[in-house]
Amino acid sequence: MSATENRLAVLFPGQGSQEKGMGRALAETSADAAELWLLAEKASGLPLREIYWEGDEAAMADTRALQPAMTAVTLGLWLALRDTLSGVVGFAGHSLGEYAALAASGMLEVPAALSLTSLRGRLMAEAAGGDGKMAAVLKLSLEAIEDVVATAQNETGKLLVIANYNSPGQYVISGEAEAVAAAAELAKARKGRAIPLAVSGAFHSPLMAAPAKELEKALRKAGLRAHTTAPVFCNVTGAAETDPDKTLELLCRQMTSQVRWIDTMAALHAAGARTFVELGPKNVLTKLASANLKDAGGEYAAVSVNDPAGAAALEA
């Protein structure tokens, strides 16, 4: 399937896609990519290249460093490949990745994307002092997971929500530790599986209300522009948005709201996207694309591009 014969959806991954050495090869050959790393380091006050090109797993998982670094990597790939990615139907980014998607669409200035994700990472790290946890729940239907969440909340009296609707076979729950632990046991009893996530807080839940309020101030100050290319399909609704004011309101809600990735992929497919291009390390969103679209009907392709040289895969 050739990308030139199909309309494209460009996807940007978030936390969990990091790997040692990410973005290094591109930054060493592209002035644009190198400049993104410098801007991200200035915004975060952290030695990001040292952390990700030479660091260990613990340092790379620190959300304060991870959010601006991942944004620099994914936007570097976008700048390197944008002239070859024609026929874009829309952009979407998973959680953190939504900031890169907004920048790629032209709705958000690139320096602002790096500044905002640096602030977002710091605020989320600072809010992690409580007992918030997250876990991926596999092998259960949505109805079963909804029942697990409700039961765990009733049994513990603690907050618990479904945070990520990633695919029909993968959901993520988020909330207070006691409730997450209770839900894990309930899922196991129903022949499901709950995998604790290596995150520092209950992201995409009401427990993020305080940092979300602080981030909102910066988001409103930065503002969004009318899009210059294709629309962004937003996490909060899964739907396409082109109005900067409406998109900004959704972005202000994103940290405490659910990531509706199932709806996002369905909406992109309905909009005509048939080639789904993930820009970033690993292939998390590429796998989710296959899981979400296997019953959509019609031909489609999902491709992960971690280096400009990998763009040749789009013509495969």
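We now turn to the structure provided with this report.

What counts and how
- Residues numbered from 1 in each chain as written.
- Predicted model: local features only at pLDDT ≥ 70, side-chain atom pairs only at ≥ 80, totals over all residues.
- Heavy atoms only, no water.
- 1 Å grid on protein atoms, 1.4 Å probe; cavity = no way out; pocket = protein on both sides within 12 Å on 5 of 7 lines; lining within 4 Å.
- Points joined across faces, edges and corners; volume = space filled by probe spheres on them.
- Helix = DSSP H or I, 4+ residues; strand = E, 2+ residues; numbered from the N terminus.
- Nonpolar A, V, L, I, M, F, W, Y, C, P; charged D, E, K, R; others polar.
- Phe/Tyr/Trp six-rings, centres within 6.5 Å; stacked < 30°, edge-to-face > 60°.
- Buried < 20%, exposed > 50% of the residue type's maximum accessible area, 1.4 Å probe, protein only.
- Lys NZ or Arg CZ within 6 Å of the ring centre and 35° of its normal.
- Salt bridge = Lys/Arg side-chain N within 4 Å of Asp/Glu carboxyl O.
- Axes fitted to C-alpha atoms, helices over the stretch in contact; angles between N-to-C directions.
- Parallel < 35°, antiparallel > 145°, perpendicular 65-115°, else oblique.
- Contact = heavy atoms within 4.5 Å.
- Core = buried A, V, L, I, M, F, W, Y, C linked by side-chain atoms within 4.5 Å.
- Pairing = 2+ DSSP bridges.

**A word on the layout of surface pockets**
Next, step 1: Volume-wise, the largest pocket comes out at about 900 Å³.
Next, step 2: Gln 15, Gly 16, Asn 164, Leu 197 and Val 199 are, among the 36 residues lining the largest pocket, the residues nearest its centre.
Next, step 3: The set of elements that each furnish at least two residues to the lining of the largest pocket consists of helix H5 (63–81), helix H7 (110–126), strand S3 (132–138), strand S4 (160–167), strand S5 (170–176), strand S6 (193–196) and helix H13 (284–293).
Next, step 4: No other element matches H13, which puts 4 residues into the lining of the largest pocket.
Next, step 5: Of the residues assigned to the lining of the largest pocket, the class counts are 19 nonpolar, 14 polar and 3 charged.

**Digging into the packing of aromatic side chains**
Next, step 1: Summed over all chains, the structure comprises 3 aromatic pairs.
Next, step 2: Here the aromatic rings of Trp 37 and Trp 53 are separated by 5.3 Å at their centres, their planes lie at 65°, and the arrangement is edge-to-face. Pair noted here: Trp 37 is in helix H2 (residues 31–44) and Trp 53 is in helix H3 (residues 48–54), with a separation of 16 residues, a long-range link.
Next, step 3: Taking the centre distance of 5.7 Å and the plane angle of 85° together, the rings of Tyr 165 and Tyr 171 count as edge-to-face. We note that Tyr 165, like Tyr 171, is buried.
Next, step 4: Between the NZ or CZ atom of Arg 260 and the centre of the ring of Tyr 165, over which it lies, the distance is 4.8 Å.

**Examining the pattern of salt bridges**
Next, step 1: In this structure the tally under the stated criterion is 9 salt bridges.
Next, step 2: Note that Glu 28 and Arg 24 form a salt bridge whose closest N and O atoms lie 3.0 Å from each other.
Next, step 3: For Arg 24, a relative accessible area of 32% corresponds to the partly exposed category.
Next, step 4: A salt bridge links Arg 220 to Glu 249, with the nearest nitrogen and oxygen atoms 2.9 Å apart.

**Quick notes on the packing of helix H12 (residues 261–270) against H13**
Next, step 1: Their axes nearest at 10 Å, the elements H12 and H13 cross at an angle of 75°. The angle between H12 and H13 places the two elements in the roughly perpendicular class. From H12, Trp 261, Ile 262, Met 265 and His 269 reach across to H13, where they touch Leu 285, Leu 288, Ala 289, Asn 292 and Leu 293.

**Points about the nonpolar core**
Next, step 1: Residues Phe 12, Trp 37, Tyr 52, Phe 91 and Leu 279 are the most contacted members of the largest nonpolar core, which totals 66 residues.
Next, step 2: A total of 10 residues in this core trace back to one element, the largest contributor, which is H5.
Next, step 3: In contact with Trp 37, other than residues within four places in its own chain, are Met 22, Gly 23, Ala 27, Leu 48, Arg 49, Tyr 52, Trp 53, Ala 69, Ala 72 and Val 73.
Next, step 4: Listed in part, the 19 residues of the second largest apolar core include Leu 140, Ala 152, Tyr 165 and Ala 183.

**Describing unusual backbone geometry**
Next, step 1: Within the chain, Ser 95 stands out as a residue other than glycine whose phi angle is a positive 55°.
Next, step 2: Counting through the fold element by element, Ser 95 comes out in the loop between strand S2 (88–93) and helix H6 (97–105).
Next, step 3: Even without being glycine, His 204 reaches a positive phi, approximately 55°.
Next, step 4: Positionally, His 204 belongs in the loop between S6 and helix H10 (209–222).

**Examining the environment of Ala 218**
Next, step 1: Mapped onto the elements, Ala 218 comes out in helix H10.
Next, step 2: You can call Ala 218 partly exposed: its relative accessible area is 23%.
Next, step 3: The sequence separation of Ala 218 and Leu 119 amounts to 99 residues, and the corresponding C-alpha distance is 8.5 Å.
Next, step 4: The residues contacting Ala 218, other than those within four sequence positions of it, are Leu 116 and Leu 119.

**Topic: the sheet that holds S3**
Next, step 1: Taken in spatial order, the 4 strands of this open sheet run S4-S5-S3-S6, and their pairing is antiparallel. Each of the sheet's edge strands pairs with one partner strand only, and the pair in question is S4 and S6. Here the strands of the sheet are splayed against their neighbours by 25° on average, with no regard to which way each runs.
Next, step 2: Each of S3, S4, S5 and S6 touches helix H9 (residues 177–189); the most contacted strand, S5, lies at about 145° to it.
Next, step 3: Contacting S4 and S5, H12 crosses the sheet at an angle of about 30° to S4.

Read these as geometric descriptors, not functional statements.
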